[in-house]
Structures are given as structure tokens and as C-alpha cells.
Amino acid sequence: QVQLVESGGGLVQPGGSLRLSCAASGSFFRINDMGWYRQAPGKERELVAAITSGRSTNYADSVKGRFTISRDNVKNTVYLQMNSLKPDDTAVYYCNADSVSRSYARINYWGQGTQVTVSS
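Residues numbered from 1 in each chain as written. Predicted model: local features only at pLDDT ≥ 70, side-chain atom pairs only at ≥ 80, totals over all residues. Heavy atoms only, no water.

Trainee: Go over the overall build of the protein, please, and point to the residues and values.
Mentor: On a plain count of helices and strands, the protein comes out with zero helices and eleven strands. Taken from the N to the C terminus, the helices and strands of the protein come in the order β-β-β-β-β-β-β-β-β-β-β. Taking 2.2 N^0.38 as the reference for a compact globule, 120 residues should give roughly 14 Å; the C-alpha atoms of the protein span a radius of gyration of 14 Å, in line with that estimate. When its C-alpha atoms are laid out on the principal axes, the protein stretches across 50 × 25 × 25 Å. Across the 120 residues of the protein, 41% fall into the buried class. Intrachain contacts of the protein at a sequence separation of at least 6 include 53% that bridge at least 24 residues. Within the structure as shown, the protein displays about 6,500 Å² of accessible surface, and the carbon and sulfur contribution to it stands at 46%. Separation between the mean location of the 13 positive side-chain charges and that of the 9 negative ones in the protein comes to 6 Å. (Helix = DSSP H or I, 4+ residues; strand = E, 2+ residues; numbered from the N terminus. Rg over C-alpha atoms; globule rule 2.2 N^0.38 Å. Buried < 20%, exposed > 50% of the residue type's maximum accessible area, 1.4 Å probe, protein only. Contact = heavy atoms within 4.5 Å. Areas by Shrake-Rupley, 256 points an atom, 1.4 Å probe, with all protein chains shown as cover. Lys, Arg positive; Asp, Glu negative; His and termini not counted. Charge placed at Lys NZ, Arg CZ, Asp CG, Glu CD.)

Structure representation (C-alpha cells):
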């Protein structure tokens, strides 16, 4: 069982910055890919950024150049640094982790979500 605990969301003005964190805890063999998704009211959940265990990254076109995903494999934590925030970035942000259990089963986990609101 893996728990993903998110933090760092909040209210920020346009042009501001936030840093989201997601820490994985519990029982697992390893964490492979991790990512951040977001869902705004009336919209489908979308991938914002992803990072592999080898630290290769991928970003949605809408956040390229503004957001940076990173991870600390020792702390089992993934981060999302969000700069130059826009109102369209307003959404609930969810952490996702693709894990391998101690019995080598592949299990995908979701965090509870953290609200990011960009408004003046």
C-alpha cells in the first residue's frame, strides 16, 4: 500500500509561483514514473508533467517553459515548480505514481489532490 501526500497548493495572483510536493510512503519496491495531473471544473483530467525514475521529463504544451517537474528518489518525492501562473492553471492538481510492489506487481496510485487557484 502506497500513500501519496500532496502539499503546496493555494491561492496565488497571476504571474506568481507555487511549488507542489508529493511524497510517497508505505510499502513498495520502487516508484517508476511519477506525474502531475490537473482537472478544472467542467474539463477532463489532463497530464501536466511526468518524470521517469531516470529523470526524463515530459510536459503539456500549455505549461512548457513555465513549469518544472523534478524528483528526489531518496525521499520518494516529486515536485512541481509552477512559475508565471495564469488563471487557466486553476485546477485541482493530482499526484500520480506508478509503483512496483514488493511482490513485483505494478500498481498505480493517486493523491487526494490539492487546489491551485490563480486569481487577482
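Trainee: Any chance you could break down the side chain of Arg66 for me, citing the residues and the numbers?
Mentor: Mapping Arg66 onto the fold places it in the loop between strand E6 (57-59) and strand E7 (67-72). Note on Arg66: relative accessible area 10%, which makes it buried. At 3.0 Å, the side chain of Arg66 forms a polar contact with the backbone oxygen of Ser84. Here the side chain of Arg66 touches Asp89 through a polar contact of 2.8 Å, side chain to side chain. Ignoring sequence-local partners within four residues, the contact set of Arg66 consists of Gln81, Met82, Asn83, Ser84, Leu85, Lys86 and Asp89. (Polar contact = N/O pair within 3.5 Å; in protein donor to acceptor, adjacent residues only side chain to side chain.)

Trainee: Can you break down the nonpolar core residue by residue, with the values?
Mentor: Counting 31 residues, the largest nonpolar core has Trp36, Leu80, Met82 and Tyr93 as the members making the most contacts within it. Those elements that provide at least two residues to this core are strand E1 (2-7), strand E3 (18-26), strand E4 (30-39), strand E5 (46-51), E7, strand E8 (77-82), strand E9 (91-100) and strand E11 (114-118). (Core = buried A, V, L, I, M, F, W, Y, C linked by side-chain atoms within 4.5 Å.)

Trainee: Provide a residue-level description of the environment of Asp89, including the pertinent values.
Mentor: Within the secondary structure, Asp89 sits in the loop between E8 and E9. With relative accessibility at 1%, the residue Asp89 sits in the buried group. Note: C-alpha distance between Asp89 and Val116 (27 residues apart in sequence) is 7.5 Å. Residues in contact with Asp89, not counting those within four places in the same chain, are Arg38, Arg66, Phe67, Ser84, Val116 and Val118. At a separation of 2.8 Å, a polar atom in the side chain of Asp89 contacts the main-chain amide nitrogen of Lys86.

Trainee: An account of the sheet that holds E7 is needed here, citing residue identities and associated values.
Mentor: The strand order E1-E3-E8-E7 describes an open sheet built from four strands, whose pairing is antiparallel. Since the sheet does not close on itself, it has two edges, and those belong to E1 and E7, each with one partner. Taken over all neighbouring pairs, the strand axes of this sheet differ in orientation by 15° on average, direction set aside. As paired strands, E7 and E8 are joined by six bridges and run antiparallel to one another. Bridge pairing in E8 links Arg71 to Val78. (Pairing = 2+ DSSP bridges. Axes fitted to C-alpha atoms, helices over the stretch in contact; angles between N-to-C directions.)

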